[in-house]
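# Structural description and commentary
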Amino acid sequence: MTCPVSNKRFFTFIIFAILALVLGLGVNFWHAAKTRVTLPIVGTSIDQPQLIPEFHLVNGLGKPFTNHSLKGHFSFLFFGYTYCQSICPLTMAMLTQLYTELKAEKTPLPQIIFITLDPKRDTPKVVGSYVKAFNPNFIGLTGPLAGIQQLSKQMGVVYIQAQQSKSSENNYQIDHSGTLYLINPEAKLAAIFSPPHDVASIKQDYKNLIK
């Protein structure tokens, strides 16, 4: 014979158990949402950002620009040269679009910094005019060849100069990658973006990383 009181207590226990389970799951989902880490879409995030090596270059106005100039801003660094006819104009155009969209969305803007791998031809005036043609806020850097070689080597930038014509020692190309380096406001490397580049994906990664 079934006891009515026991059945009532049993069903009450089941109801409380279900409510506790639902509440517990709700708390867990809330906690997970609050603590979720958003993984990069296309970039490679650096778990422990590394300080940028010390360097001494000059901008388009001939004024000093060092690793200390990176502090206080997020910055995208791109290594190229103004005589480049493929990777550089495409990458700079992409960065122009990225910068424009971030500005329109009122997102904190990064510094866009172009560092020449060809200081022999890319004087401060040349590199300055080159970046300003894409956006007046962009920064072009040049300097002693030895300093640029050291910085690019320490950051893992791969490039090679290929002589194109014997008739002129200034007629040459530089084969290089289109890699972008995102530097955080502490002047540390925070993420690396390898080509091919997609504006929407890089923008989303940038927004996630600056939070």
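Right above here is the structure, for reference.
Heads up: these notes are all about the structure in this document.

The rules behind the values
- Residues numbered from 1 in each chain as written.
- Predicted model: local features only at pLDDT ≥ 70, side-chain atom pairs only at ≥ 80, totals over all residues.
- Heavy atoms only, no water.
- Helix = DSSP H or I, 4+ residues; strand = E, 2+ residues; numbered from the N terminus.
- Buried < 20%, exposed > 50% of the residue type's maximum accessible area, 1.4 Å probe, protein only.
- Contact = heavy atoms within 4.5 Å.
- Areas by Shrake-Rupley, 256 points an atom, 1.4 Å probe, with all protein chains shown as cover.
- Phe/Tyr/Trp six-rings, centres within 6.5 Å; stacked < 30°, edge-to-face > 60°.
- Lys NZ or Arg CZ within 6 Å of the ring centre and 35° of its normal.
- Salt bridge = Lys/Arg side-chain N within 4 Å of Asp/Glu carboxyl O.

### A look at the overall build of the protein chain
Broken down by element type, the protein chain carries five helices and ten strands. When burial is assessed residue by residue, the protein chain has 38% of its 211 residues classed as buried. Taking contacts inside the protein chain between residues at least 6 apart in sequence as the whole, the part at least 24 apart equals 70%. Surface exposure of the protein chain reaches about 12700 Å², of which carbon and sulfur atoms provide 61%.

### Considerations on the packing of aromatic side chains
Overall, the coordinates contain nine aromatic pairs when judged by the stated rule. Centre to centre, the rings of Phe76 and Tyr206 are 5.8 Å apart; their planes meet at 40°, and the pair counts as tilted. Of this pair, Phe76 sits in strand S4 (residues 75-80) while Tyr206 sits in helix H5 (residues 199-209), and the two are 130 residues apart along the sequence. With a relative accessible area of 0%, Phe76 lands in the buried category. Look at Tyr206 and you get buried, because its relative accessible area is 1%. Taking the centre distance of 5.2 Å and the plane angle of 45° together, the rings of Phe114 and Tyr130 count as tilted. Of this pair, Phe114 sits in strand S5 (residues 111-116) while Tyr130 sits in helix H3 (residues 124-132); the two residues are 16 residues apart in sequence, bridging distant segments of the chain. On the basis of relative accessible area, Phe114 is assigned to the buried category, the value being 1%. For Tyr130, a relative accessible area of 15% translates into the label buried. Here the aromatic cluster, defined as three or more aromatic residues joined through ring pairs, consists of Phe74, Phe76, Phe193 and Tyr206. The ring of Tyr172 carries Arg121 above its face, with NZ or CZ at 3.7 Å from the centroid.

### Side note on the pattern of salt bridges
In the structure shown here, the tally under the stated rule is five salt bridges. Here Glu101 makes a salt bridge to Lys203, at a shortest N to O gap of 2.8 Å. Of this pair, Glu101 sits in helix H2 (residues 87-104) while Lys203 sits in helix H5; the two residues are 102 residues apart in sequence, bridging distant segments of the chain. Given the relative accessible area of 14%, Lys203 is considered buried.

These values are about where atoms sit, not about what they do.
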